[in-house]
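What follows is each chain in one-letter form.
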Amino acid sequence: MNARDPRALDVNGLTIRTDQGRTLVSDLSFSINAGSRLGLVGESGSGKSLTALAVLGLLPPGMNASGSIVLREAPDAPGTEVIGATEQRLTGLRGRAATVVFQEPLTALDPLMRIGGQLAEPLRRWRGLRGPALRRAVAEALEQVRLPDPDRITRAYPHEISGGQRQRVALAMALACDPALLIADEPTTALDVTVQSEVLALLDGLVAQRGMALLFVSHDLAVVSSVTDHVLVLKDGAAVESGSVDDIVRRPQHPYTRDLVDSARHLESALERIVR
Ligand SMILES: Nc1ncnc2c1ncn2[C@@H]1O[C@H](COP(=O)(O)OP(=O)(O)OP(=O)(O)O)[C@@H](O)[C@H]1O
């Protein structure tokens, strides 16, 4: 029997370097409890995506991670160290312990395969479903992300549905294995503003309903604040500040965080002007 540990993710002293010795992420530490939500925020190039990829053991070739990243499928499951894990071990972890939704859902979808077939894949692999039970689970997965006309979507190819619908399909695929941790890397940045808020509300509701941990990556503090309860601010690959959303937004300590807060406010007031 393992001791219960509430942390779905524990990152300690994470450092990411290129093979040429350039440090891209430096000595980063954070943890996310089961059912909690952390926003990773910073401007372009601050190291958010690399951090997210490192958590899944998906760093691009030519980069290596040091420090420690421990994923835990459930509070009473043993933690697994990602850094240095074999590809076989990582394949077992991805999906169940953590999954990811990227900015561009086309990266997650096969252009030559119908949506239904793609969605069936994780359900078959992780939940062992076949035949009518599998078809039912595909329809339920689409209903859960509130896609209208699931019959049409099941038969469609990715290019035949809208960007917002593709992102909902990508979310359904990520959730199919019932992960302990969902990583969302700029999941709504490519969508227009109305669709963006619909997908954010959907993500928010599904994470709450399933008690999942969420690591939400974005350059936009306004978006991060709408779905997370804690924020870690990254600059040039290092943490500059962390705290509750309330503290970060109302009482930012670091000048860089203040700039992020200001630009989020500018964005909000600009949007309000456009809506009026
Ligand atoms: N494959 C790569 N090879 C070399 N350097 C890279 C690679 N990917 C990212 N970098 C560098 O690592 C740093 C962090 O990149 P990262 O993509 O994590 O930033 P980010 O905060 O997610 O920004 P964005 O929102 O623009 O994706 C940047 O300086 C970037 O140029």
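Structural data are supplied above this passage.
Here the structure is a predicted model, which is why all the values come from computation and not from measurement. (Residues numbered from 1 in each chain as written. Predicted model: local features only at pLDDT ≥ 70, side-chain atom pairs only at ≥ 80, totals over all residues. Heavy atoms only, no water.)

(A) Up close: the site of the ligand. Taken together, 13 residues lie around the ligand, and S44, G45, K48, S49 and L50 are the ones closest in. One of the side-chain nitrogen or oxygen atoms of S44 is found 2.5 Å away from an oxygen atom of the ligand. The contact in question runs from an oxygen atom of the ligand to an N or O atom on the side chain of K48, over 2.8 Å. Computed on the free molecule, the ligand has an accessible area of 630 Å², of which 61% lies beneath the protein chains in the complex. Here the shell around the ligand is built from residues that sort into 4 nonpolar, 5 polar and 4 charged. (Near = heavy atom within 4 Å. Polar contact = N/O pair within 3.5 Å; in protein donor to acceptor, adjacent residues only side chain to side chain. Areas by Shrake-Rupley, 256 points an atom, 1.4 Å probe, with all protein chains shown as cover. Nonpolar A, V, L, I, M, F, W, Y, C, P; charged D, E, K, R; others polar.)

(B) Molecular detail of the sheet that holds strand β1 (residues 7-18). Read across the open sheet, the 4 strands follow the order β2-β1-β4-β5; overall the sheet is antiparallel. Edge positions in the open sheet fall to β2 (23-33) and β5 (80-81), since each of these has one partner strand only. Here β1 runs beside β2; their pairing, made up of 7 bridges, is antiparallel. The residue bridging I16 from the neighbouring strand is V25, located in β2. (Pairing = 2+ DSSP bridges. Helix = DSSP H or I, 4+ residues; strand = E, 2+ residues; numbered from the N terminus.)

(C) A look at helix α3 (residues 115-127). Across its 13 residues, α3 extends 18 Å between first and last C-alpha, which sits within 8% of the 18 Å expected from 1.5 Å per residue. Turning to α3, its buried residues number three or more, namely I115, G116, Q118, L119, A120, P122, L123 and W126. Residues of α3 that are buried sit in contact with α2 (87-93), α4 (131-144), α5 (150-155) and α6 (163-175). The first or second residue beyond α3 is G128, which carries a positive phi of 65°. (Expected span 1.5 Å × (residues − 1). Buried < 20%, exposed > 50% of the residue type's maximum accessible area, 1.4 Å probe, protein only. Contact = heavy atoms within 4.5 Å.)

(D) Fine view of α4. In this model, α4 (14 residues) spans 20 Å end to end at C-alpha, consistent with the 20 Å of a helix rising 1.5 Å per residue. Turning to α4, its buried residues are L134, A137, V138, A141 and L142. Axial view of α4: buried residues confined to an arc of 135°, hence all on one face. Residues of α4 that are exposed and point more than 90 degrees away from the buried face comprise P132, R135, R136 and E143. If you follow the buried residues of α4, they end up packed against α3, α5 and α6. Among the residues trailing α4, R146 stands out with phi positive, at a value near 50°. (Arc of directions from axis to C-beta.)

(E) Broad picture of unusual backbone geometry. Located in the positive-phi region is D149, a residue other than glycine, with phi close to 50°. As for its position among the elements, D149 is in the loop between α4 and α5. Even without being glycine, D178 reaches a positive phi, approximately 55°. Mapped onto the elements, D178 comes out in the loop between α6 and β7 (181-185).

(F) Quick peek at the environment of R155. Note on placement: R155 falls in helix α5. In this structure the C-alpha to C-alpha distance between R155 and L28, which are 127 residues apart in sequence, comes to 44 Å.

(G) How the structure looks around the pairing of strand β8 (residues 213-218). The buried fraction of β8 amounts to 6 of the 6 residues, a majority that puts the element mostly inside the structure. Pairing between strand β3 (residues 37-41) and β8: 5 bridges, direction parallel. Residue pairing across strands places L38 opposite L215, the latter belonging to β8. Between the parallel elements β7 and β8, the chain passes through helix α7 (residues 193-210) in a crossover that is right-handed. (Right-handed = clockwise from strand over helix to strand, strands pointing away.)

(H) Summary view of the nonpolar core. Within the largest apolar cluster, 48 residues are counted, with the highest numbers of intra-cluster contacts made by V169, L171, L182, F216, L221 and V231. With 7 residues, α6 is the single largest residue contributor to this core. Residues in contact with V169, not counting those within four places in the same chain, are L109, I115, L119, L142, L147, I153 and I161. With 34 residues, the next largest nonpolar core counts F30, L56, L90 and L234 among its residues. (Core = buried A, V, L, I, M, F, W, Y, C linked by side-chain atoms within 4.5 Å.)

(I) Summary view of the packing of α6 against α7. Taken N-terminus to C-terminus, the directions of α6 and α7 make an angle of 15°; their axes are 10 Å apart at the nearest point. As summarised for this structure, α6 and α7 are arranged roughly parallel, according to the angle between their axes. Two packed elements cross with a definite hand, and for α6 against α7 that hand is right-handed. Residues G164, Q167, R168, L171 and L175 of α6 lie in contact with α7, whose contacting residues are V195, E198, V199, L202, L203, L206 and R210. Tallied by class, the residues present in the contact of α6 with α7 amount to 7 nonpolar, 2 polar and 3 charged. (Axes fitted to C-alpha atoms, helices over the stretch in contact; angles between N-to-C directions. Parallel < 35°, antiparallel > 145°, perpendicular 65-115°, else oblique. Left-handed = near helix turned anticlockwise from the far one by under 90°.)

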